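Notes for the structure review
Spelled out, the chains give:
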Amino acid sequence: MSTLDRLTHLIHDKFGVDIATIEADAPFASYNLDSLTVAELMFEIDDAFHVTVPDEAATTVTTLRQLATLIDGLPEKV
Amino acid sequence: MASESRIGIAGIGVTCPLGDTPEASWDRLVAGQGAVGRMAFEGLPDIAAAQVTSDVSQVLTRLQQVGTERVSQMALGAVRKALADARIDAWPDPERVGLYLGTGMGGAATMDAGFAALHAGGRIPPLTVPAGMVNGASAVVAIHADIRGPVLTYAVACASGSVAMAEAAHALRRGEIDIAICGGVEAPLARGTVAAWQALRTLAPPAEADVAHSCRPFAADRAGLVLGEGAVFFVLRREADLPAAPRAWFAGAAVRCDALHLTNPQRRGQVSTLKAALAATGLAPSDIGYCNAHGTATAAGDPVECEALREVWGDDAARLRVSSTKAAHGHLLGAGGALEAALTVMALQRQTLPATLGVRVLDPRCAGLAHVLGEAQRAPDLRHAISNSFAFGGTNAALVFSRA
């Protein structure tokens, strides 16, 4: 499963968001993820992907595709 | 628009260990069916506790639950029930609606879980502050009920809910708002919070033979308080704005402080509070037909409260009918005064007095009052009743209600 697919399912499982409404290039807010929800999502990603998402990502990353690209570039924690 | 008009209780919403409505909670109470059971926490002695058994998270979608926790979910659920009971589904001016919410500890479970994770070498979740902050529940209620007037949180330990209700009635009388939503919420049954209460040596151990009667206010063999959780909210309106007959009238209230000790209750402040509450209503002690006592079942607290009642009621003390419903629902801390106010209103509506459950032998230091023990009593003459909340920190509140 691609990082983008895994993120889509994580958002669905964690927050109950309908997968059909999650568009990779749309702003998080378009499917009702506000800044607090995005902060919570980043926290979950660290555990789910064994990475450390940098703090500034919560403000610089605005779409799921940007987030997937960021995660794919991060070193996996051992 | 200040008004001398009476303040009516237009609606009540309850989520408590006894039930999910005022009527269900009342019926269980007068049937003598308490809600105290045994509860286990890792690494701690088992406690006696009164839990809410319904799924309180259902009040929000999973996406809406982000940044909320049990305390805010219970509060919102009870507020929605209170609004439905008051037949309110919208308001023309949200700025004329106020929320007065009492809670002793706010999002204690969130803080507890966050610190536990941190101290175990893990990470603290990013929404620990908004979910755990003491006014978090108020914010969640305001957002989802669209309350844009004063949204205030009162942290006055075990008097929080009662103080919030007293303040709400004042705001209505001053004409600051047209609809007051007020009450209390508490969700203290988290491991660290329970451990802190155990460390203070105030909790009753689970009664081995009869866990349901672990909390025995006024009894010679009482062993301490039993923690409970829940949310209870009221809709208060001025008489002229009531769409129908109220459940009861909020006759008046008073708040005073002992200013003597952090935890030990003191007769001086309690007497002042009771006298001030009566003065606020213009009622004489003999007019009060029932007292829902603070009665936590601690060694120190119960005799002091009885002493204060005897002093204020004087020659009428032996006729003052008194019970502590905490025996049945536990001590809801910041929500305790609100739940006991709801049960006091139910006593007025049903003309019946709930008993203090589980008392075999009364402590002689608590005598001299007409304790309602054993079974609920019919009281067809009941017109006025008082509910006491005496808090750690020394702040005392007494609320007086009258039959509608």
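Presented here is an overview of the structure given in this document. Treat the numbers as computed from the prediction; the structure is a model and nothing was measured.

Points about the interface of chain B and chain A
Taken together, the contact between chain B and chain A spans 8 residues of the former and 16 residues of the latter. Both sides together, the interface formed by chain B and chain A hides about 1000 Å², and carbon and sulfur atoms give 64% of it. A per-residue breakdown of the area chain B buries against chain A is headed by Arg62(B), Leu63(B) and Arg123(B), which together make up 57% of the total. Linking chain B with chain A are 2 salt bridges. Residue Arg123(B) is joined to Asp46(A) by a salt bridge in which the shortest nitrogen-to-oxygen separation is 2.9 Å. Connecting chain B to chain A are 5 residue pairs in polar contact (both at pLDDT 80 or more). Of the residues that constitute the side of chain B that touches chain A, the class distribution is 6 nonpolar, no polar and 2 charged.

Details of the sheet that holds strand 7 (residues 227-228) of chain B
Residues and elements named next belong to chain B. Strand order in the open sheet made by the 3 strands is 2-3-7, with mixed pairing throughout. Edge positions in the sheet fall to strand 2 (36-39) and strand 7, since each of these pairs with one other strand and no more. Of the strand pairs in this sheet, strand 2 and strand 3 (residues 47-50) are connected by 4 bridges, and their pairing is antiparallel. For Arg38, the partnering residue across the bridge sits in strand 3 and is Ala48.

A closer look at unusual backbone geometry
Residues and elements named next belong to chain B. In this structure, Asp146 takes a positive phi of about 60° despite not being glycine. Within the fold, Asp146 resides in the loop between helix 5 (136-145) and strand 5 (151-154). Unlike most non-glycine residues, Ala157 shows phi in positive territory, near 45°. Among the structural elements, Ala157 can be located in the loop between strand 5 and helix 6 (160-174).

Quick look at the packing of aromatic side chains
Under the counting rule described, the total for this entry stands at 3 aromatic pairs over all chains. Between Phe28(A) and Tyr31(A), the aromatic rings sit 6.4 Å apart at their centres with planes inclined by 85°, giving edge-to-face as the arrangement. Summarising the burial analysis for this pair, Phe28(A) and Tyr31(A) share the class buried. Taking the centre distance of 5.8 Å and the plane angle of 20° together, the rings of Trp197(B) and Phe392(B) count as stacked. Highlighted residues: Trp197(B) in helix 7 (residues 191-199) and Phe392(B) in the loop between strand 15 (384-390) and strand 16 (395-403), separated in sequence by 195 residues. On the basis of relative accessibility, which here comes to 28%, the residue Phe392(B) falls in the partly exposed class. Cation over ring: Arg6(B) sits above Trp249(B), and NZ or CZ is 3.9 Å from the ring centre. Just above the ring of Phe43(A) sits the side chain of Arg123(B); from NZ or CZ to the centre is 3.9 Å.

Details of the pairing of strand 8 (residues 230-238) of chain B
Residue and element names in this part refer to chain B. The element strand 8 is largely enclosed, with a buried count of 9 among its 9 residues. Here strand 8 shows a buried face lined by Gly230, Val232, Phe234, Leu236 and Arg238 and a second buried face lined by Ala231, Phe233, Val235 and Arg237. The pairing of strand 1 (residues 7-15) with strand 8 spans 8 bridges and is antiparallel. Bridging across to strand 8, Ile12 finds its partner in Phe234. Bridge analysis of strand 6 (residues 179-186) against strand 8 gives 8 bridges, and the strand direction is antiparallel. Of the residues in strand 8, the one forming a bridge with Gly183 is Phe233.

Let's talk about the side chain of Thr352(B)
All names here are of chain B. By the element assignment, Thr352 lies in strand 12 (residues 352-353). Owing to a relative accessible area of 11%, Thr352 belongs among the buried residues under this scheme. Of the polar contacts made by the side chain of Thr352, one reaches the backbone oxygen of Arg350; its length is 2.9 Å. Residue contacts for Thr352: discarding those within four places in its chain leaves Trp26, Val30, Ala347, Ala376, Gln377, Arg378 and Ala379.

Scoring rules and cut-offs
- Residues numbered from 1 in each chain as written.
- Chains lettered and ligands numbered in written order.
- Predicted model: local features only at pLDDT ≥ 70, side-chain atom pairs only at ≥ 80, totals over all residues.
- Heavy atoms only, no water.
- Contact = heavy atoms within 4.5 Å.
- Buried area = accessible area lost by both parts, 1.4 Å probe.
- Salt bridge = Lys/Arg side-chain N within 4 Å of Asp/Glu carboxyl O.
- Polar contact = N/O pair within 3.5 Å; in protein donor to acceptor, adjacent residues only side chain to side chain.
- Nonpolar A, V, L, I, M, F, W, Y, C, P; charged D, E, K, R; others polar.
- Pairing = 2+ DSSP bridges.
- Helix = DSSP H or I, 4+ residues; strand = E, 2+ residues; numbered from the N terminus.
- Phe/Tyr/Trp six-rings, centres within 6.5 Å; stacked < 30°, edge-to-face > 60°.
- Buried < 20%, exposed > 50% of the residue type's maximum accessible area, 1.4 Å probe, protein only.
- Lys NZ or Arg CZ within 6 Å of the ring centre and 35° of its normal.

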